[in-house]
Each structure stands twice: as structure tokens, then as C-alpha cells.
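# Summary of structural features
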Amino acid sequence: MTNNAIFRTCPDTGLRFHGPAETLIKLNAVAAVVFLLVGGIMGIGVGLTRWPEVHLLGPQDFYTTLTSHGINVLIFWIIFFEIAALYFVSSVVLGCRLATPKLGYLAFLLMVIGALVNNYAVWSLSSAVMMTSYAPMPAHWAFYLGLILFAVGALIGCFIFLGTLVIAKKEKTYEGSIPLVTFGGLTACIIAIFTIASGAIILVPTLLWQLGYVSNIDAGVYRLIWWAFGHSSQQINVATHVTVWYMVGALVFGAKPLSEKVSRFAFVLYIAVLQIASAHHLLVDPGVGTEWKIFNTSYAMYLAVMASMVHGLTVPGSMEAAQRARGYTNGLFEWLRKAPWGNPVFSSTMISIVGFGFLGGISGVMMGAEQLNLIVHNTLYVPGHFHATVVLGTTLAFMGITYWLVPVLFRRELILTSWCKWQPYIFGLGMTGVSVFMMGAGTLGLPRRHWDAAFTSSSFPYEFPSSAMALMSLNGLSVVLAAIGGGMFCLIIVGTLLFGKKVGQEEKFPRVMVATPPTEAQYVTLHRSGNAISGTLLLAGVFLIAFVVYYFINWKYLAETWGMS
Amino acid sequence: MTSLSPPDQKVWWKKPIDRAELIWIFIVVIWGIILTLMMPLWHIFGEQNLSTETYRTTPQRYMEKTQAFVDQYTVRTEGDRQFPVVAPPAGEDIYMVARLWDWWPILELKQGQSYRLHLNSIDWNHGFSLQPANLNIQVLPGYEHVLTITPNATGEYSVICNEYCGINHHNMVGKIYVVE
């Protein structure tokens, strides 16, 4: 049907772009940035309201803004970008035509309509029910309908990705096994299908309940199934941003996986254990048993954590090996010092790896321990944690690859190049502050999703320690810094699309877009020397020590509170 | 070849793993086992373990039980809205209702004594967040959760709501007194 579709070969990367695939990647990526901008602006409103001295919004506006912030960035920005990424790692990386592009446009349309309907419900149909919309608190039926339409669109996108893999195999556009980044994309796609199915299982009855066809939604069952959707969707993010990490390693350093077997197995572990992801959200819920909690919150035996810790070693490890093979062999860290820290593609990725591991990973394991959850559940610690995983981890990784994708796809030079250098650091630092200060305030008990932790209009006001309030002021400052970084990103990208200097289809960019990989002989020499990744191993050791210390400190903290049995 | 191209060896799964990677995987597995064991071990040796005793209930039934409890042990009232302060004997079953937007009634407990605390919401999700002890428990409608608590220090504690429950969520604060 579309067999004689148009391909172009990129002069910089040598990649073959299928016309409709390229258009769909552009559409989804641009929509993603638009929702990032909208959700980001909402985030400023949330941060400035939590800043005790500013307390910007009134309660109704705050709760609406917070709902909108969560849905627009956590769902719409990230999933639009993931669909773009799935099309890229299938059609572009395998150099093959995209399956059923027409359905791709339909999927995109459904996602846009769903996102708009949901936003309309939040703002105009009084559905400020937070992203989780815990029944029996009701939202307008359009709220659930918007999410369902969006999810159907995303599901179609997943099947287009799978279809494209089938076409590539059939038309023999590659030999042997699919590349690691495509494998990572496949992982994300499988998780996405499970996620969307879980979402349908809970959101469709909830929609019918609001329409009057179902009499009752059980609060506990809602939470159990909703989190199979809500948390698994975070596993899509992890699988996708780890894929992006590997991809950046390949683009910037020409890195190859240290071991295909290890990296792929780690991806498979994400799939193997994701279906028990809802448990750690239910650790202090009534109605679920102890054994169930322990087995499921630990992903059987921390298998997903192990997978991330393995990627945490192999991604920087593969970069180190490539750098060392190329000759940066002095000491433990010459390879890292000589890395292109001024290139936002690389710096964003490095901040993403460190932020996701040190802040997001360690805090996530801590609060996912059955008993430790008692001291953090629903406090600001939770948003502190996921701003490290989803913003520092996923969003920053996506920003980094966008700096590479936009010139390649749109054939335009990035504008404001000195801003590009600084943007990842400003955003990364701001978001690190947001994470750390919210986690700090949460440790002191401050609640999440709460308009007024000073309790000025309550009958029995409670006064939090002043240090908790001070942390929220620091959080406010960090929000401003992160907003500047996020604003810079949106400006650079939108500005580049509109005003970036055009580079012809045959012309090359002045800078190198894809690094030449080290030769096999260089790798052989490196492996003979026996310390291919010694720097990364040391960093991993530092990480492990931080992890162990922090984990046990929290058990001590738990031991000091009221006894319970 | 890079991560963007197919593996250079067709039979890549037979390629041996580097020693550095194997060491890390070994460490990670050990750490995973420790993390897993901490939870059952805390059930044996720790003092803070959440009970799983839960009963189905309805708002009417739960309110009746709570009202009977309040009628029996109220010692005084407090605040503009005459909140009962209930001082039950040690070891007793004690009740707290979560509702839009109160924790009801106020409890007065003795330090070092244990009580069977019943928690239930009669409308939406709420979050029992005891401050400054910082214990946080999800409260659901339809589920009567019974847990044994042992206050370890005297003082005035607040129960704030940390599950979003609508426009007055931030005003939902209750109290527990712990006395000698």
C-alpha cells in the first residue's frame, strides 16, 4: 500500500527517515512540549502557593491547578513524547517504513482530543479530583472519558510500533536481533499495553458509574487497580528514559552495550515484575494482607530495583568504555572530565542518571518498604521522590534527546546556543532543590496535596516545626529556578522550530551529530588492560554506600515513633 | 556497532559477561535480599507494624458504634462545635470517624497503654496523619481498620488529613491527647 513511500537519508546521521514516520514523530514531540509548557506553568502556581510567604492561589484554584499540573506533565507530556520515541526507535532506528501511518494520525488525534476534553473537565466542570481521582470522590464523566480517549490513542500508537517491528523483520531492514534501544522501546511498549489495559479496567466502570450505569465503586478496589495503571505508567517512563540513556551513549560517544545479555535481561525484569507495582501504594491501606504487601512491594525480591541498578552501572559504564577505548585512559575519571559537558544532550542525560539514581531510586526503595511507608505515606516526601524520578529522570532525559532530535528532524540549527549549554544545569539544580526540600518537609510530616500547612482557618490548628516551613520556602525558590530552566527549554525549542537557521536536506550540520564508534581493535586493547569501567565501578560503590546508610537511618527514625501492631 | 545497531555477534547471548559487571550484579542481588528480609524481620523484632485486621462496614453501622463509644466515655467537650473529648480505659476498643471535614471525636489516651483504634471513613478517602509522631494511614470508606496503638510520649497530638478530600481538605484536623 505505502510500499513506495518517501524515504530521506539524513546526511548527518545516515539514518533513513520514512516521511509519514517523521511527520508523526514531529507532531507527537511538539504536542509533548506544548503540554510540558502548560503543565509546567501549573507547576509554578503549585510551588508558589506552597511557599508560605507567597501563598499565591486560593484553595479552589490551588486544587484545580494541582490536578491540572499532575495530569498535563505526568500523563500528556510524557506519553506524547514516548509515542514519538517509540516511532523513532522502530521506524528510524531500523530504517523501515512505519506501519499504518493513517492510524498513527488517528491515534494522535484521539490523544489530542482526550487531553483537551480532560483539561476542559478539570477547569470547567469542577473536576479537581487530582490525577488519581480516587472514587468515590466524583469527577465529571468527561474527566474519565478524556483519559480513556487519550489512552486508546496511545494504545494504537503501541500497536503501530509492534507492527513496524514486524515490517522491519519481514522486509529485512536489519540483520540479527533488534538493536538495544529498540529492545528498550519494545519493553516500554509491552508495559504500556499492560498499563492501558489496567487503566481501562478501572476507568471504564468509573465512567459508567458517573453516567449512572454502575451503582458503586469500591474505594479499595479502585486504588488497587488504579495503581496497576498509575504505577505501571511510571515503569513505561523508566524503560523509555533508560532507552534514551543508551541512545545518548551511542550518539555522543559511539558507545555499545557492555553486555547485550545483561542490559536486555535488565529490561526484561521490568516487564516481569511490573504487574505487582500497585502494592507499594497500598502499604498503609486496610484490606490487603502483610504477605501480599511484602511480596509485591519488593517486586518479588527487588527485581525491578536490581534492573535499574544494573542499568545505572551499564549506561555510564558503556560510555566510559567507549571513552577509554578512544584513549582517555588516565586515572579513574579522565573519560568523564573530557566528556562534552557543554553539550546539552550529554549533560541532561548525566544529570538524569545521577538524579534518578541517587535521589529518586534511593528514596523510592525506602518508602516502598512496608513499615517505613508509615512515616512517609501521603506526605510531601512522595512528590519529592517522584520529582526526582519523573522530572530529573524522565523529563530531563527527554529534554536532552530533544536537543538532538529537533535539529535532525526539522533541519534547523538550535537557537540561543549558550542558553542550551546552561539550561540542563539550571533546570537540574532547580528540580534537585524541589525534590530534596519536599522530601525534607515530608520527613517532618507535611502533607501533600494540601493548600495550607499553616492551618490558618482550621478549628484545631496544628503548627509544624518552623524548619518544615523554611524548607517550603527553599522549595519555592527552587521552583522558580526550575521554572526558569523549563521556560528556557520551551523557548529554545519553539524558537528553533520557528526561527532556527535552516540547514538543507543534503547539507550537513557544522557539528558532529553522531560520534564515530571506537573500533573493535581499540576495545580489544582496552579489555586487555582490565579496567574498562573502573571509574563507573567506584561511582557505583559511592551510590551503594549512600543507599545503605540512608535506608537504615529511616528504620531508626521509624523506631522512635508510637508502637503499633 | 553501537546501542543503535543490531548486536555484532549473532549469538550475543553466549558472550561471557565481564567480571566488573558480574561483581556488581552479585552485590545488587545480595542487597536485594537484605532489603527483602528487612520487612519480615521488622515484623519479628520491630515495634511498628501495621495491623491488617479489617472489616466491611457501612456508614450507618460505623456511626452507631462510634456514637455508643462517645456516649459511654465522653469527659468534656471542646471548641465552638462542642467536640466530645473521649477518655476510654486502657486496652479498650476506641473509634475515630473520618468525614468531610472532621476527625471525630477527640481522644484522650494514656501514655504507654495500648488501645484498639478503629478507623473508617463515612464518605471519601481520607489520610490519618498523626503529628508530630508522623504516622500515616490511609482511611477508606467501607473498610473498618482496627490497629493497636501504643502512645510513647505525652502531649497534644494533631490528626491532619493527608489524602485530598475536597475543598476543605486543609481544614480537616482532629486531636489526640496523651496523658500520664
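## Comments concerning the overall build of chain B
- Across its full length, chain B carries two helices and 12 strands.
- Starting at the N terminus and ending at the C terminus, chain B contains elements arranged as α-β-α-β-β-β-β-β-β-β-β-β-β-β.
- Relative to its length of 180 residues, chain B is extended, with a C-alpha radius of gyration of 24 Å against a globular reference of 16 Å.
- If one aligns the C-alpha atoms of chain B with their principal axes, the spans along those axes are about 80 × 40 × 30 Å.
- Residue burial in chain B is summarised as follows: out of 180 residues, 54% are buried.
- Contacts spanning at least 24 positions in sequence make up 58% of the contacts within chain B whose residues lie at least 6 apart.
- As presented, chain B carries roughly 7500 Å² of accessible surface, and 57% of it is formed by carbon and sulfur atoms.
- Each charge class in chain B was averaged separately, 13 positive and 18 negative side chains, and the resulting centres sit 10 Å apart.

## Focus: the overall build of chain A
- Helices and strands together make up the secondary structure of chain A, namely 17 helices and three strands.
- A compact globule built from 565 residues should have a C-alpha radius of gyration of about 24 Å, and chain A, at 23 Å, falls within 12% of that.
- Projecting the C-alpha coordinates of chain A onto the three principal axes gives extents of approximately 70 × 55 × 45 Å.
- Of the accessible surface of chain A, which amounts to about 19400 Å², a share of 70% is contributed by carbon and sulfur atoms.
- Charge centroids of chain A, computed over 29 positive and 21 negative side chains, lie 11 Å from each other.

## Things to note about unusual backbone geometry
All names here are of chain B.
- Cis peptide bonds are those with omega within 30 degrees of zero, and the linkage from Leu-100 to Trp-101 qualifies with -5°.
- Along the chain, Trp-101 falls in the loop between strand 4 (93-99) and strand 5 (102-104).
- The linkage connecting Gln-131 with the following residue, Pro-132, adopts the cis geometry, with an omega of 0°.
- As for its position among the elements, Pro-132 is in the loop between strand 8 (126-131) and strand 9 (135-139).
- The phi dihedral of Asn-134 is positive, around 55°, even though this residue is not glycine.
- Here Asn-134 shows up in the loop between strand 8 and strand 9.

## As for helix 6 (residues 219-230) of chain A
- Compared with the 16 Å implied by 1.5 Å per residue over 12 residues, the 15 Å span of helix 6 of chain A between its first and last C-alpha is a close match.
- All of the buried residues along helix 6 of chain A are Ala-219, Gly-220, Tyr-222, Arg-223, Trp-226, Trp-227, Ala-228, Phe-229 and Gly-230 of chain A.
- The elements touched by buried residues of helix 6 of chain A are helix 5 (180-211) and helix 7 (232-253) of chain A together with strand 9 and strand 10 (143-150) of chain B.
- Two or three places before Gly-220 of chain A, at the start of helix 6 of chain A, stands the capping residue Asp-218 of chain A, its side-chain oxygen 2.9 Å from that residue's backbone nitrogen.

## Let's talk about the packing of helix 12 (residues 344-367) of chain A against helix 17 (residues 534-559) of chain A
Residue and element names in this part refer to chain A.
- Taken N-terminus to C-terminus, the directions of helix 12 and helix 17 make an angle of 35°; their axes are 10 Å apart at the nearest point. The hand of the helix 12/helix 17 crossing is right-handed. The residues of helix 17 that touch helix 12, namely those facing Gly-357, Phe-358, Ile-362, Val-365 and Met-366, are Val-542, Phe-543, Ala-546, Phe-547, Tyr-550, Tyr-551 and Asn-554.
- Class assignment of the residues belonging to the contact of helix 12 with helix 17 gives a composition of 10 nonpolar, two polar and no charged.

## Digging into the pairing of strand 2 (residues 74-78) of chain B
All names here are of chain B.
- Of the strand pairs in this sheet, strand 2 and strand 3 (residues 83-86) are connected by four bridges, and their pairing is antiparallel. By the bridge assignment for strand 3, Thr-77 is matched with Pro-84.
- Following strand 2, the chain reverses through four residues before pairing antiparallel with strand 3; Gly-79 in that reversal takes a positive phi of roughly 80°.

## Points about the packing of aromatic side chains
- For the coordinates displayed, the defined rule picks out 42 aromatic pairs over all chains.
- Ring plane angle 75° and centroid distance 5.9 Å describe the contact between Trp-245 of chain A and Phe-356 of chain A, whose orientation is recorded as edge-to-face. Taken together, the residues Trp-245 of chain A in helix 7 and Phe-356 of chain A in helix 12 connect sequence positions 111 residues apart.
- With centroids separated by 5.6 Å and ring planes inclined at 80°, the aromatic side chains of Tyr-551 of chain A and Trp-31 of chain B adopt a geometry described as edge-to-face. Here the residue Tyr-551 of chain A occupies a position in helix 17, and Trp-31 of chain B occupies one in helix 1 (residues 19-45), the pair thus bridging two chains.

## A word on helix 4 (residues 141-170) of chain A
- For helix 4 of chain A, spanning 30 residues, the distance from its first C-alpha to its last is 44 Å, which sits close to the expected 44 Å at 1.5 Å a residue.
- Once helix 4 of chain A ends, the next one or two residues include Lys-172 of chain A, with phi positive near 55°.

## Considerations on the interface of chain A and chain B
- Counting residues at the interface gives 109 residues for chain A, matched by 85 residues for chain B.
- Together chain A and chain B conceal approximately 8400 Å² of surface at their shared face, both sides included; 66% is due to carbon and sulfur atoms.
- Of all residues in chain A, Phe-460, Trp-562 and Met-564 of chain A bury the most surface against chain B, accounting for 13% of the area lost on that side.
- Residue Glu-163 of chain B is joined to Arg-449 of chain A by a salt bridge in which the shortest nitrogen-to-oxygen separation is 3.5 Å.
- Our enumeration of links across chain A and chain B arrives at 44 residue pairs in polar contact (both at pLDDT 80 or more).
- Examining the composition of the side of chain A that touches chain B, we find that 13 residues originate from one element, helix 17 of chain A, more than from any other.
- Relative to strand 10 of chain B, strand 3 (residues 563-564) of chain A is paired through two bridges, and the arrangement is antiparallel.

## So, the nonpolar core
- Residues Phe-88 and Trp-404 of chain A together with Phe-128 and Ile-176 of chain B are the most contacted members of the largest nonpolar core, which totals 251 residues.
- For this core, the element with the highest residue contribution is helix 2 (residues 59-92) of chain A, accounting for 20 residues.
- Here this core gathers at least three residues from each of two domains, domain 1 (1-49) and domain 2 (53-179) of chain B.
- Residue contacts for Ile-176 of chain B: discarding those within four places in its chain leaves Trp-562 of chain A together with Met-96, Leu-107, Leu-109, Phe-128, Leu-130, Gly-155, Glu-156, Tyr-157 and Val-159 of chain B.
- Of all hydrophobic cores here, the second largest spans five residues; its members include Val-273, Ile-276, Tyr-299 and Ala-304 of chain A.

## Concerning the confidence of the model for chain B
- Residue-level pLDDT values for chain B average 96, and 100% of them are 70 or greater.
- Predicted complex metrics record ipTM = 0.96 and pTM = 0.96.

## Brief notes about the pattern of salt bridges
- Tallying each qualifying case throughout the model produces 21 salt bridges over all chains.
- Measuring nitrogen to oxygen at the nearest pair gives 3.1 Å for the salt bridge that ties Lys-338 of chain A to Glu-334 of chain A.
- Taking the shortest distance from any N to any O, the salt bridge between Lys-175 of chain B and Glu-156 of chain B comes out at 3.0 Å. Residue Lys-175 of chain B is located in strand 12 (residues 173-179), and its partner Glu-156 of chain B is located in strand 11 (residues 155-161); the two are separated by 19 residues in the primary sequence.
- Given the relative accessible area of 49%, Glu-156 of chain B is considered partly exposed.

## A short note on the domain arrangement of chain B
- Along its sequence, chain B is carved into domain 1 (1-49) and domain 2 (53-179).
- Taking only C-alpha atoms into account, the centre of domain 1 of chain B sits 43 Å from that of domain 2 of chain B.

## With respect to the environment of Val-354 of chain A
- In this structure, Val-354 of chain A sits in helix 12.
- A C-alpha to C-alpha distance of 9.7 Å links Val-354 of chain A and Ala-388 of chain A, two positions 34 residues apart in sequence.

## Observations regarding the environment of Asn-554 of chain A
Residues and elements named next belong to chain A.
- Note that Asn-554 resides in helix 17.
- Placed 87 residues apart in sequence, Asn-554 and Ser-467 show a C-alpha to C-alpha distance of 19 Å.
- Within the local environment of Asn-554, its side chain forms a polar contact with the backbone oxygen of Tyr-550, the two atoms lying 2.9 Å apart.

What counts and how
- Residues numbered from 1 in each chain as written.
- Chains lettered and ligands numbered in written order.
- Predicted model: local features only at pLDDT ≥ 70, side-chain atom pairs only at ≥ 80, totals over all residues.
- Heavy atoms only, no water.
- Helix = DSSP H or I, 4+ residues; strand = E, 2+ residues; numbered from the N terminus.
- Rg over C-alpha atoms; globule rule 2.2 N^0.38 Å.
- Buried < 20%, exposed > 50% of the residue type's maximum accessible area, 1.4 Å probe, protein only.
- Contact = heavy atoms within 4.5 Å.
- Areas by Shrake-Rupley, 256 points an atom, 1.4 Å probe, with all protein chains shown as cover.
- Lys, Arg positive; Asp, Glu negative; His and termini not counted.
- Charge placed at Lys NZ, Arg CZ, Asp CG, Glu CD.
- Expected span 1.5 Å × (residues − 1).
- Polar contact = N/O pair within 3.5 Å; in protein donor to acceptor, adjacent residues only side chain to side chain.
- Axes fitted to C-alpha atoms, helices over the stretch in contact; angles between N-to-C directions.
- Left-handed = near helix turned anticlockwise from the far one by under 90°.
- Nonpolar A, V, L, I, M, F, W, Y, C, P; charged D, E, K, R; others polar.
- Pairing = 2+ DSSP bridges.
- Phe/Tyr/Trp six-rings, centres within 6.5 Å; stacked < 30°, edge-to-face > 60°.
- Buried area = accessible area lost by both parts, 1.4 Å probe.
- Salt bridge = Lys/Arg side-chain N within 4 Å of Asp/Glu carboxyl O.
- Core = buried A, V, L, I, M, F, W, Y, C linked by side-chain atoms within 4.5 Å.
- Domains from an automatic or database assignment.
- pLDDT = per-residue confidence, 0-100.

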